[in-house]
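# Architecture at a glance
One letter stands for each residue in the lines below.
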There are 2 protein chains.
Amino acid sequence: MSLPDIHRVQSFFLSLQDSICHAIENIDQKATFQQDNWQREAGGGGRTRMLTQGAIFEQAGVNFSHVYGDALPASATAHRPELSGRRFQAMGVSLVIHPLNPYIPTSHANVRFFIAEKEGEDPVWWFGGGFDLTPYYGFEEDVIHWHKVAKSVCDPFSQDYYARYKKWCDDYFYLKHRNEPRGVGGLFFDDLNTPDFDHCFEFVQHVGQGYLDAYLPIVEKRKSIPWGERERQFQLYRRGRYVEFNLVWDRGTLFGLQSGGRTESILMSMPPLVRFAYDYRPEPNTPEAKLYTDFLIHKEWV
Amino acid sequence: MSLPDIHRVQSFFLSLQDSICHAIENIDQKATFQQDNWQREAGGGGRTRMLTQGAIFEQAGVNFSHVYGDALPASATAHRPELSGRRFQAMGVSLVIHPLNPYIPTSHANVRFFIAEKEGEDPVWWFGGGFDLTPYYGFEEDVIHWHKVAKSVCDPFSQDYYARYKKWCDDYFYLKHRNEPRGVGGLFFDDLNTPDFDHCFEFVQHVGQGYLDAYLPIVEKRKSIPWGERERQFQLYRRGRYVEFNLVWDRGTLFGLQSGGRTESILMSMPPLVRFAYDYRPEPNTPEAKLYTDFLIHKEWV
């Protein structure tokens, strides 16, 4: 049984943030990330990086945070009341990329580590994370590629990870008030602490690195498709769903906002420009309608 | 003790929706309201009216709804568990007006009536409602006018209504994750059922009618102020706060979305176009900074 090594986790998370930012800047060629180091009064802090008004990326936020405290609030452990009051650390990298070209999907990825300690007892720890894709105009080959990478990340670790984490992702990123998936999914997992730390940490590293393998080829493939006002308006409208999901349903966002997290870092996931329109429905048989009928559905892509 | 007369309430709410829509169209002169009648599977329905792309109003939503059921869900009565399972009716008019000119504030008003009945027992009923103002560029005289009307609506009914409902409004429309009021307030009340039905209903009628007396003069006064890209960008940014409040904190919105309400009618409060910007702060001593320092503060305006 390998013991958790939080320094190795931190070092990986920081270098993951670096490598993702470099890759994004490298594609964008115009804008660069601005960095904010911030501290949290109750303990810890973070390193928020934002790129705005790029040539390819209208906005990209890549956030590292490491917060800790002497006593875990009960509200943070609704399903694990026995951890309440323990010394804890929570650490993660979270990112949301909003491209300018509506033919490039929005993407989100997250890896996180949590540990709660108590004198004289074994530490309780787990990993969580995943990545998911939100297209405006769907391309079946892109979604298949995305899920193939997701599966190839999972398979070396367990034959059932992909199926389980793909379903978990579908279930999690779902707008219940619209009976509509947020996008075409990917991976989502939480509470991962078996069989041991080394296995879990290795897997999380593959998830973090796999995100770029999954996303960058799609960006490259779609970044030069011409687009106009029609595509832009649909993109702005669909971004409203991202706002709705993150503010109404996303547990991480809500917990952060309601528990005194750093608002500006939490809300870096908000799209830079968003349109809301009452009772909008795309014309049947248009590419916009196809998003709903062919992509925002339950489907096994690989 | 006067008995509740739900037919009179319904008739007033419907005519209030009419008169507000007529007044808005009358000022706008370009756009008119489109109406959607909708039914709710579990009982009841509504009449949603939306005006979009007007000359003065970028979007105006005025919604009437009347929903009922055989058994009030426990989740609807967290603070009144004794009502769970009763036959109930909930009825109201709710509106949000998003003007185009950033010098005109956004406004919101709501009046609502609730009744829960049970064989052999007295019905339990109450009114709620209010109106509140959200400026982008503040004018002290407008805010004073708004609150003067609010006070003049209250004073004939009780000398302490204005102070109580003004404070309730300040407390309710507050973005806790930013330590920031949503706007400059107005009135907010709930659970109003004393001294009797006639008194309460009379008051609610004055609140509903008072909204136009409070808002229209401000629209008239500010609608011709020239504005440009700078004001527009600030307005779009500040509209993000409206989105944040409604989706993260507004109990009515959240309850509606999480309990199978009609999503499109609930989200008619969303601004038509919204901008989010990481860690934006206005330059000191600008009109934009003045909104924060002189208006989004705790203050007794009258």
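Residues numbered from 1 in each chain as written. Chains lettered and ligands numbered in written order. Predicted model: local features only at pLDDT ≥ 70, side-chain atom pairs only at ≥ 80, totals over all residues. Heavy atoms only, no water.

If you look chain A up in UniProt, it shows as Oxygen-dependent coproporphyrinogen-III oxidase from Proteus mirabilis. What UniProt records for chain A under Pathway is the sentence "Porphyrin-containing compound metabolism; protoporphyrin-IX biosynthesis; protoporphyrinogen-IX from coproporphyrinogen-III (O2 route): step 1/1." A UniProt comment under Subunit is attached to chain A, and it reads "Homodimer." (UniProt positions renumbered as here; feature names shortened; annotations may be inferred.)

## Things to note about the pairing of strand β2 (residues 44–52) of chain A
Remark: a regular strand shows side chains that alternate across the two faces of the sheet. Residues and elements named next belong to chain A. Of all the 9 residues making up β2, 8 are buried; the element is thus mostly covered by neighbouring parts of the structure. Sheet analysis places strand β1 (residues 34–39) next to β2, joined by 6 bridges and oriented antiparallel. Residue Q35 lies in a different strand from β2, and its bridge partner there is R49. Hairpin geometry of β1 and β2 is characterised by an intervening segment of 4 residues between the two adjacent antiparallel strands and by a positive phi of about 130° at G43. Across 9 bridges, β2 lies against strand β3 (residues 57–69) in antiparallel orientation. Pairing of T48 across the sheet is with N63, part of β3. (Buried < 20%, exposed > 50% of the residue type's maximum accessible area, 1.4 Å probe, protein only. Helix = DSSP H or I, 4+ residues; strand = E, 2+ residues; numbered from the N terminus. Pairing = 2+ DSSP bridges.)

## Concerning the relation of the copies chain A and chain B
Look at the two chain copies: a rotation about an axis and a shift along it is all it takes to match them. In screw terms, the move from chain A to chain B is a rotation of 180° and a rise of 0.0 Å along the axis, fitting with an RMSD of 0.0 Å. Both copies are brought into coincidence by an operation consistent with a two-fold rotation axis. Every residue of chain A has its C-alpha some distance from the rotation axis, and the shortest such distance is that of V274 of chain A, at 2.6 Å. An overlap of 100% is found between the interface residues of chain A and their copies at the interface of chain B, pointing to a shared contact surface. (Least-squares fit on C-alpha atoms with pLDDT ≥ 70 in both. Contact = heavy atoms within 4.5 Å.)

## Section: the packing of aromatic side chains
Summed over all chains, the structure comprises 72 aromatic pairs over all chains. Aromatic side chains F127 of chain A and F201 of chain A sit 6.0 Å apart centroid to centroid with 10° between the ring planes, which places their arrangement in the stacked category. Note that F127 of chain A is positioned in strand β6 (residues 124–134) and F201 of chain A in helix α4 (residues 197–222), a separation of 74 residues in sequence. Both residues of the pair, F127 of chain A and F201 of chain A, count as buried. The interplanar angle of 75° and the centroid separation of 6.0 Å between the aromatic rings of W125 of chain B and F127 of chain B together place this pair among those described as edge-to-face. With relative accessibility at 5%, the residue W125 of chain B sits in the buried group. For F127 of chain B, a relative accessible area of 0% puts it in the buried group. Between R222 of chain A and the ring centre of F139 of chain A, over which it is positioned, the NZ or CZ distance is 3.8 Å. (Phe/Tyr/Trp six-rings, centres within 6.5 Å; stacked < 30°, edge-to-face > 60°. Lys NZ or Arg CZ within 6 Å of the ring centre and 35° of its normal.)

## So, the interface of chain A and chain B
If you look at the interface, chain A gives 31 residues, while chain B gives 31 residues. The contact between chain A and chain B buries some 2700 Å² in all, and 61% of this surface belongs to carbon and sulfur atoms. Applying the counting rule to chain A against chain B returns 4 salt bridges. Linking E264 of chain A and R178 of chain B is a salt bridge whose minimum nitrogen-to-oxygen distance equals 3.0 Å. Secondary structure elements with two or more residues in the side of chain A that touches chain B: β2, α5 (229–249), α6 (251–258), α7 (263–266) and β10 (273–275) of chain A. The dominant element in the side of chain A that touches chain B, judged by the number of residues it contributes, is α5 of chain A, at 7 residues. Broken down by class, the residue content of the side of chain A that touches chain B amounts to 18 nonpolar, 6 polar and 7 charged. (Buried area = accessible area lost by both parts, 1.4 Å probe. Salt bridge = Lys/Arg side-chain N within 4 Å of Asp/Glu carboxyl O. Nonpolar A, V, L, I, M, F, W, Y, C, P; charged D, E, K, R; others polar.)

## Quick notes on the pattern of salt bridges
Tallied over the entire structure, the rule returns 58 salt bridges over all chains. Its salt-bridge partner being D279 of chain A, residue R281 of chain A comes within 2.9 Å of it at the nearest N-O pair. Classification of R281 of chain A by relative accessible area gives exposed; the value is 59%. What makes D279 of chain A partly exposed here is its relative accessible area of 21%. R80 of chain B is the partner of D191 of chain B in a salt bridge, and the nearest nitrogen-oxygen pair spans 3.2 Å. Within this pair, whereas D191 of chain B is found in strand β9 (residues 185–192), its partner R80 of chain B is found in the loop between β3 (57–69) and β4 (87–99), the two being separated by 111 residues in sequence. According to the relative accessible area criterion, R80 of chain B is buried, its value standing at 15%. Shared partners join several salt bridges into a network, and the residues in it are D36 and R262 of chain A together with D279 and R281 of chain B.

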